[in-house]
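Here's the letter readout for the chains.
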Amino acid sequence: MSKFHHTIGRRDFMKALGLAGVGIGTVAATSPVFHDMDEVISSSKGTWKPPWWVKEVDKPTADVDWDLTKRFDFREASINMPVIDKTLGPGSALQLYKTWKSGITKNIQEAKPGRELRDYALHDMVGRSNCYGMKRIFVDYEADDDAYLYPSDHGVSRWEGTPEEATKMMRAVARLAGARDIGVMELDEKGKTSVYSIERDGKEYVFENCDRAYWDDHKRVIPEKDRWCITFTTMESQDMSKRVGTAFCETTVMDAYNVGGFVAQRLQVFLRMIGYECLTASIDRNTMVEACPGLTMGGVAELSRLGMTSATPTDGPGVRAFKVITDLPMAVGKPIDMGIFEFCKTCGICADVCPESAIWPDDPTWDVSGTWNKAGIFNYPLNGVLCRKYQFSDMMGCGRCRAACPFLTKDFASIHEFVIKPVVAKTSIFNSFFRNMSSVWGYDSMKSRDNLTGEQQMSWWDIENAPVHYIDTTRGCIQYQ
Amino acid sequence: MWILIGLLLGILFTWTAIKLTSKNLKVLWYEYVLGALGLLLFLFVAQNLVGSIDEWEMQAFWMFVVILGLPSLLLMGIPALRIVRRYRAT
């Protein structure tokens, strides 16, 4: 064979460039769903693993002379008013405070960008994080807290906007406050059926034509004008939910409840400060309004076999739901269909793993399993008493149903978001296959604490570099990934 | 990291294209299709392997390797072998 010098023509070179571009583009197009491989490498030192370019040192980079430092008298901190008076002159602190307060009102009256009424409401909602001391209150003035002002205190009228703007605003507020998502349902004649008739303490919920909500020894009155129910979700940790029958599973539930209470009060403060009423559940977070109607009619979730929780598109059943009622006119949501209700007909894993057989094992029905179910819903009626019975007897809750649900998965592997969920939403012909594959692939392997395998037996205490609350709050936030 | 993989793939494509052209090797249309499908499946499996590690789902990891990973290698390997055999036969 003769040796010869390879030459490439312009045409071939351009063709090769194009092919190279296809290669790079193909992989680059998929890179938004890829995560850092650094997570694969875990340290056993029990410390936060910083980025690779951070090094540990023995002395701080800002040197310290330990002979000179001594304990600091906090009264000398500049945050204290007497220090300002001492430094700037007597009366300075009070003068600055008055300037600040009047300045806020002036900004609000002039509607300066970034310093409008609702901007300050957002700031105070989180800035004064005590939020009525986290008391459970029905209507804001019950807290009698003059730290939170009304628009009239600034000499302005309340915030006005279109219903769509209102819903968009409240979604942003709720997410900042700690919620995952909101659904809005109108309390028309149908919607009102989701408000409890009688509260746990025996007081009736009554609708009246009045200006403000109020209560007495026998009833809690909801004004007819308070027509919008905001149902919001809070997230649970998937890693902790999967550790069924342990304190970790229950802890993430309680964490979600805590955040729910916090969010409800923050929403109440915000709405008060922009001039609207907001009623919250005052007995515990499960009261006042049923969660499922708001979730379902508001377009946040779809009813599922689980019973205790509905299923959401991004988090499956890994959320808790809470609600507030307001007179802020909002755009209402529409129910969603992600194929879950249909999928549950074929699946039934949750019913199989339920230790008390509390979950309805058959096809959906109009029947109820007891007085704890609401009539008139074609559903999988959960036997809530059996469920609660097991939770108490096991002394650490349960949650096997949710851990076993094929939709309680993370979203790092693209098969969940790019194959299974879209296909389930479009057609039911693969439901049985996906249900079986869920077991084969091991996604339900933590359904029982007797069945933990491999890394799933890793102690929760050994998890490193976990996100805050052990929850990936960036799920579904394409812009933030 | 995946950008680097894309770069490597691009270099591989370039080398392959140059080789095919310089050797005057004919690639049949269905070999292109099989190879492309195999590559797409391979990339899908690769992403899910990394994702499964991130999710701590090691059973899922091995299922992806066996049930989808091996077929993807076959889909890429068969056209490649056919091309190599054709080259050797000329």
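Scroll up a little and you will see the structure.
Please read these numbers as outputs of a predicted model, since none were measured by experiment. (Residues numbered from 1 in each chain as written. Chains lettered and ligands numbered in written order. Predicted model: local features only at pLDDT ≥ 70, side-chain atom pairs only at ≥ 80, totals over all residues. Heavy atoms only, no water.)

**Some details on the overall build of chain A**
- The helix and strand tally for chain A stands at 14 helices and 7 strands.
- Taking all 481 residues of chain A together, 44% fall into the buried category.
- Nonlocal contacts in chain A, meaning residues at least 24 apart in sequence, comprise 70% of its contacts between residues at least 6 apart.
- When the accessible surface of chain A is totalled, it reaches about 26400 Å², and 57% of it is carbon and sulfur. (Helix = DSSP H or I, 4+ residues; strand = E, 2+ residues; numbered from the N terminus. Buried < 20%, exposed > 50% of the residue type's maximum accessible area, 1.4 Å probe, protein only. Contact = heavy atoms within 4.5 Å. Areas by Shrake-Rupley, 256 points an atom, 1.4 Å probe, with all protein chains shown as cover.)

**Things to note about the sheet that holds strand 4 (residues 219–223) of chain A**
- Strands sit in the order 2-4-3 (chain A) across an open sheet of 3 strands; the sheet is mixed. Among the strands making up the open sheet, the edge pair consists of strand 2 (204–208) and strand 3 (214–215) of chain A. (Pairing = 2+ DSSP bridges.)

**A short note on the pairing of strand 7 (residues 319–326) of chain A**
Residues and elements named next belong to chain A.
- Of all 8 residues in strand 7, 8 are buried; the element is thus mostly enclosed.
- Of the two faces of strand 7, the one lined by Val319, Ala321, Lys323 and Ile325 and the one lined by Arg320, Phe322, Val324 and Thr326 are each fully buried.
- Across 8 bridges, the pairing between strand 5 (residues 228–235) and strand 7 is antiparallel. Each residue of the ladder has a partner; that of Thr231, found in strand 7, is Lys323.
- For strand 6 (residues 278–280) and strand 7, the ladder comprises 3 bridges, and the chain directions are antiparallel. Along strand 7, the bridge assignment pairs Leu279 with Ile325.

**Considerations on the packing of aromatic side chains**
- Under the criterion given, the structure shown has 14 aromatic pairs over all chains.
- Between B:Phe61 and B:Trp62, the aromatic rings sit 5.0 Å apart at their centres with planes inclined by 85°, giving edge-to-face as the arrangement.
- The class of B:Phe61 is buried, set by a relative accessible area of 14%.
- Among the aromatic residues, those joined into a ring-pair cluster are A:Phe341, A:Trp366, A:Phe378 and A:Tyr380.
- Here the basic side chain of A:Lys192 rests over the ring of A:Phe207, its NZ or CZ set 4.8 Å away from the ring centre.
- Taking NZ or CZ as reference, A:Lys410 lies 4.6 Å from the ring centre of B:Trp56, over its face. (Phe/Tyr/Trp six-rings, centres within 6.5 Å; stacked < 30°, edge-to-face > 60°. Lys NZ or Arg CZ within 6 Å of the ring centre and 35° of its normal.)

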